[in-house]
Amino acid sequence: MHRRHFIAALGAAGLSPWLAARAAGTYPERPVRIISPYGPGGSNDTSGRLVAQALSEKYGQQFVLENQPGAGTRIGTQTIARSPGDGYHLLWCAAPFAVNTAGKANTPYDIHRDFVAVGPPVIGPVFLIVNADSPLHSVADFVEYARKQPKGVDFASPGSGSGPHLAAELFALTGKFDALNVHYRGDAQAYTELLGGRVDATLTAITTALPHIAAGRLRVLGVASAQRSAIAPDVPTFAEQGMPEVIGHGWFGLIAPAGTPPAIVQALNADVNAIFADAGIRQRLLDLGLEPQSGSPADFQSFIDTEVERWAKVIEAADITIE
């Protein structure tokens, strides 16, 4: 939208003078820092840089993504918890933001006291994938097979406490079979083990597996989403196969320190909604295995609260320790 038309639209909508001033260019007046709690090169880093680049281009001011990995995302998260709530310090957070709270991990921050949700998030659906040499072709086949194994089945997981790890635990609890999650450093190593026949399955992001699926070396049995995924629309959900309780995913989203002015929160939320609505950016995110969402800061906060509640039950039932 042309700048003067956008300002007029703000006035017509009855928004605050601060927002109108923002549209005229008073925010941001200096570079904005966005912390990624992971190292460079992963989907959190790459998606965060897409958002940072789009915001930089929109405002002619740098939104700089900085990697601060470590301690299960707690190092980068703590940095933003201790930063001023001025709109110039943001977190491109990830699923452990909720999981650490659900598992009562010892964190130097409180996600409800020290942060405010901005959003909306991007969601990384997880897919149940087996070696193509396996005789299994559905979720029901897998459950029947798993229940017959005296020592249970092995899942390759990209990390303890990750969305894929907990989704696999939820699947095992719901399917009433024993499972061992074997943790690796990321999806690529997990799929290497699956291709080598050293584990029974993965329940994780599909992107790294796509070339192996196309080559006929891996087979997809289902997706743990409420609806089919735009990433692989031919794959049926667990719900379609009789297990609607099994919903799990990874996710990323924009978070600000507590005290950030509501007008800035609302404005940044509108910006990210617009970014995710862009067809080119949406496709780039889908190529990363991520589905961009839409919604308000309140919607994102509700999403986070639901994540905490869901995984707290799984962590307790499966007797998982989140360290």
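Just so we're clear, the structure is a prediction, and the values are computed from it rather than from any experiment.

### Concerning the overall build of the protein
Phase 1 of the analysis: Of regular secondary structure, the protein possesses 12 helices and 12 strands.
Phase 2 of the analysis: Compactness check: the protein gives a C-alpha radius of gyration of 21 Å against a globular reference of 20 Å for 323 residues, within 12% of the reference.
Phase 3 of the analysis: On the principal axes, the C-alpha backbone points of the protein span a range of 65 × 40 × 30 Å.
Phase 4 of the analysis: By residue count, 51% of the 323 residues in the protein fall in the buried class.

### Details of the nonpolar core
Phase 1 of the analysis: Counting residues in each nonpolar core, the largest one holds 29 residues, and the members touching the most others are Phe97, Phe115, Trp251, Ile255 and Ile304.
Phase 2 of the analysis: When neighbours within four sequence positions are excluded, Phe97 is seen to be in contact with Thr77, Leu91, Ile111, Phe115, Trp251, Ile255 and Ile304.
Phase 3 of the analysis: Counting residues in hydrophobic clusters, the runner-up holds 28 residues, among them Val32, Leu50, Val122 and Ile275.

### Some points on the domain arrangement of the protein
Phase 1 of the analysis: The assigned domain composition of the protein is domain 1 (32-124 + 250-318) and domain 2 (125-241).
Phase 2 of the analysis: Computed over C-alpha atoms, the centres of domain 1 and domain 2 are 26 Å apart.
Phase 3 of the analysis: Facing the 15 residues of domain 1 at the interface are 12 residues of domain 2.
Phase 4 of the analysis: For the pairing of domain 1 and domain 2, the buried interface totals around 1100 Å² over both sides, and the portion due to carbon and sulfur atoms is 73%.

### Quick word on the packing of helix α7 (residues 163-175) against helix α12 (residues 297-317)
Phase 1 of the analysis: It is at 10 Å that the axes of α7 and α12 come closest, and there the two elements cross at 65 degrees. One way to sum up the angle between α7 and α12 is to call them roughly perpendicular. Considering how the two elements wind past one another, α7 and α12 form a crossing that is left-handed. Here α7 contributes Leu166, Ala167, Glu169, Leu170 and Leu173 to the contact with α12, which in turn contributes Trp311, Val314, Ile315 and Ala317.
Phase 2 of the analysis: Here the contact of α7 with α12 is composed, by residue class, of 8 nonpolar, no polar and 1 charged.

### Remarks on the pairing of strand β10 (residues 218-223)
Phase 1 of the analysis: Among the 6 residues of β10, 5 are classified as buried, and the element is accordingly described as predominantly covered.
Phase 2 of the analysis: Across 5 bridges, strand β6 (residues 127-131) lies against β10 in antiparallel orientation. The residue bridging Ile129 from the neighbouring strand is Val220, located in β10.

### A closer look at the packing of aromatic side chains
Phase 1 of the analysis: Tallied over the full model, the rule gives 13 aromatic pairs.
Phase 2 of the analysis: Ring geometry for Phe142 versus Phe177: centroids 6.0 Å apart, planes at 70 degrees, classification edge-to-face. Residue Phe142 is located in helix α6 (residues 139-147), and its partner Phe177 is located in the loop between α7 and β8 (179-183); the two are separated by 35 residues in the primary sequence.
Phase 3 of the analysis: A residue is classified by how much of its surface remains accessible, and Phe142, at 0% relative accessible area, is buried.
Phase 4 of the analysis: With a centroid separation of 5.4 Å and an interplanar angle of 85 degrees, the aromatic rings of Trp251 and Phe303 are classed as edge-to-face. You can see Trp251 sitting in strand β11 (residues 249-257) and its partner Phe303 sitting in helix α12, a full 52 residues away along the chain.
Phase 5 of the analysis: An aromatic cluster is present here, built from Phe142, Phe155, Phe171, Phe177 and Phe238 joined pairwise through their rings.
Phase 6 of the analysis: Its guanidinium or amino end placed over the ring of Tyr88, Arg30 lies 3.7 Å from that ring's centre, counting from NZ or CZ.
Phase 7 of the analysis: Here Arg310 stacks its cationic end above the ring of Trp311, 5.8 Å away from the centre of that ring.

Calculation criteria
Residues numbered from 1 in each chain as written. Predicted model: local features only at pLDDT ≥ 70, side-chain atom pairs only at ≥ 80, totals over all residues. Heavy atoms only, no water. Helix = DSSP H or I, 4+ residues; strand = E, 2+ residues; numbered from the N terminus. Rg over C-alpha atoms; globule rule 2.2 N^0.38 Å. Buried < 20%, exposed > 50% of the residue type's maximum accessible area, 1.4 Å probe, protein only. Core = buried A, V, L, I, M, F, W, Y, C linked by side-chain atoms within 4.5 Å. Contact = heavy atoms within 4.5 Å. Domains from an automatic or database assignment. Buried area = accessible area lost by both parts, 1.4 Å probe. Axes fitted to C-alpha atoms, helices over the stretch in contact; angles between N-to-C directions. Parallel < 35°, antiparallel > 145°, perpendicular 65-115°, else oblique. Left-handed = near helix turned anticlockwise from the far one by under 90°. Nonpolar A, V, L, I, M, F, W, Y, C, P; charged D, E, K, R; others polar. Pairing = 2+ DSSP bridges. Phe/Tyr/Trp six-rings, centres within 6.5 Å; stacked < 30°, edge-to-face > 60°. Lys NZ or Arg CZ within 6 Å of the ring centre and 35° of its normal.

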